[in-house]
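Chain by chain, the residues run as shown.
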Amino acid sequence: MPRLSEVIAALETLWPAERAESWDAVGTVAGDPDQQVTRVLFAVDPVQEIVDEAVKLGADLLVTHHPLYLRGTTTVAATHFKGRVVHTLIKNDIALHVAHTNADTADPGVSDALAGALDLRVTGPLVPDPTDPEGRRGLGRICALDHPLTVRELAARAAERLPATAQGIRVAGDPEALVRTVAVSGGSGDSLFDHVRAAGVDAFLTADLRHHPAAEFLADRAHSPLALLDAAHWATEWPWCELAASQLDEISDRHGWDLRVHVSKTVTDPWTAHAASPPSDPLGAPN
């Protein structure tokens, strides 16, 4: 059985901490480097439900995409929900390791997993990492479809292939427009609009699209008449957990570790219900 330090060293080869954004908080949050690891759980969010799942599973290591502490703190008291997470981890000898923006830009990374879930063929990064001589790493991915789909059909595919959430998939643009190329970015993606426009794709699928950036982007349709598909943040990043688990499985087999690697299917998207609006009134919004 490997020690935690050995497993973390292997994970760092996949997602080196130095490739994380300067504002990010990645790496090992809790855990004894000398403790033995036999079972690992992957999840998007380090919340209490996931930690309780790790306890029930008998996991020694929890790997999450989102950081527990993205900003500094002065307390880990169990009176706060993050403090309760830390207490639960330590009491049960469970280590926590985070791979966030260093997993976003990895090859393969979060957006590769998203593209794979949608059966899209990756042709390159949306925002290339200038330190990668092979031009494969970077934020987001530019993808091609094997055969054109309408925006409506692509949205339906995303709703079917991604984990179900209350939000589903929102669409901005002509639902009947044909899509041959699409940019994807797991997680919040409206900061990438300039890169999407420059890529010349037909659609952009991401999460957390806000009113003003989306409206301003669509207003420039003369230069970029593409569609926006807005999925739930958690749903666009969950496929990475399966990809990451398979990568650790391969490492475990290569080293003869015989790790048992699991992916949490617990839905930690914060939105729990959706009420559809009635058909819109052609006369406009109500007074």
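Provided above is the structure to which this section pertains.
Okay, so let's go over this structure. Bear in mind that the values here come from a model prediction, so they are computed numbers and not experimental data.

**A short note on the pattern of salt bridges**
- If you walk through the whole model with that rule in mind, you get eleven salt bridges.
- Note that E6 and R3 form a salt bridge whose closest N and O atoms lie 3.9 Å from each other.
- On the basis of relative accessible area, R3 is assigned to the partly exposed category, the value being 38%.
- For R254, the salt bridge goes to E250, with nearest N and O atoms at 2.7 Å. Placement of the pair is R254 and E250 together in helix α9 (residues 233–255), with a separation of four residues, close to one helical turn.
- Residue classification places R254 among the exposed positions, given a relative accessible area of 55%.
- Given a relative accessible area of 40%, E250 falls into the partly exposed group.

**Some words on helix α1 (residues 4–14)**
- Within α1 the residues assigned to the buried category are L4, V7, I8, A10, L11 and L14. Seen end-on, α1 carries its buried residues on one side only, within an arc spanning 160 degrees.
- Contact partners of the buried residues in α1: β1 (27–30), β3 (61–64), β4 (95–98) and α9.

**Brief notes about the pairing of strand β9 (residues 203–207)**
- The element β9 is extensively covered by neighbouring structure, given that five of its five residues are classed as buried.
- Covered by surrounding structure in β9 are A203, L205 and A207 together with F204 and T206, the residues of both alternating faces.
- After leaving strand β8 (residues 178–188), the chain enters helix α7 (residues 193–199) and then returns to the sheet as β9, a path that is right-handed.
- In this sheet, strand β10 (residues 227–231) lies alongside β9 in parallel orientation, the contact comprising five bridges. Residue pairing for β10: A203 is matched across the bridge by A227.

**Comments concerning the nonpolar core**
- Counting 54 residues, the largest nonpolar core has L11, W15, F42, L61, V182, W240 and L248 as the members making the most contacts within it.
- It is α9 that contributes the most residues to this core, ten residues altogether.
- F42 has contacts with W15, V63, C241, A244, A245, L248, V261, H262, V263 and S264, leaving out every residue within four places of it along the chain.

**Describing the sheet that holds β8**
- Across the sheet, which stays open at both edges, the six strands sit in the order β5-β6-β8-β9-β10-β7 with mixed pairing between neighbours. The sheet is open, and its two borders are formed by β5 (121–128) and β7 (170–172), each paired with just one other strand. The sheet shows a mean angle of 25 degrees between the axes of neighbouring strands, taken without regard to direction.
- Both β5 and strand β6 (residues 138–150) contribute to a ladder of six bridges, which runs antiparallel. Each bridged residue has a counterpart across the sheet, and for R121 the counterpart in β6 is A144.
- Relative to the sheet, α9 contacts β8, β9 and β10, its axis offset from that of β8 by approximately 90 degrees.

**Some details on the packing of aromatic side chains**
- Within this structure, the stated rule accounts for four aromatic pairs.
- Residues F193 and F204 carry aromatic rings whose centres are separated by 6.1 Å and whose planes lie at 75 degrees to one another, so their mutual orientation is edge-to-face. With F193 in helix α7 and F204 in strand β9, this pair connects stretches of sequence that are eleven residues apart.
- Plain terms: the ring middles of F193 and F217 are 4.3 Å apart, the flat faces sit at 20 degrees to each other, and that makes the pair stacked. Taken together, the positions of F193 in helix α7 and F217 in helix α8 (residues 211–219) put the pair 24 residues apart, joining distant regions of the chain. Of the two residues, F193 and F217, neither departs from the other in class, the shared state being buried.
- Pairwise contacts between aromatic rings join W15, F42 and W240 into one cluster.

**Focus on the side chain of D132**
- Relative to the helices and strands, D132 resides in the loop between β5 and β6.
- The class of D132 is buried, set by a relative accessible area of 10%.
- From its side chain, D132 meets the backbone nitrogen of R136 in a polar contact 2.6 Å long.

About the criteria used
Residues numbered from 1 in each chain as written. Predicted model: local features only at pLDDT ≥ 70, side-chain atom pairs only at ≥ 80, totals over all residues. Heavy atoms only, no water. Salt bridge = Lys/Arg side-chain N within 4 Å of Asp/Glu carboxyl O. Buried < 20%, exposed > 50% of the residue type's maximum accessible area, 1.4 Å probe, protein only. Helix = DSSP H or I, 4+ residues; strand = E, 2+ residues; numbered from the N terminus. Arc of directions from axis to C-beta. Contact = heavy atoms within 4.5 Å. Right-handed = clockwise from strand over helix to strand, strands pointing away. Pairing = 2+ DSSP bridges. Core = buried A, V, L, I, M, F, W, Y, C linked by side-chain atoms within 4.5 Å. Axes fitted to C-alpha atoms, helices over the stretch in contact; angles between N-to-C directions. Phe/Tyr/Trp six-rings, centres within 6.5 Å; stacked < 30°, edge-to-face > 60°. Polar contact = N/O pair within 3.5 Å; in protein donor to acceptor, adjacent residues only side chain to side chain.

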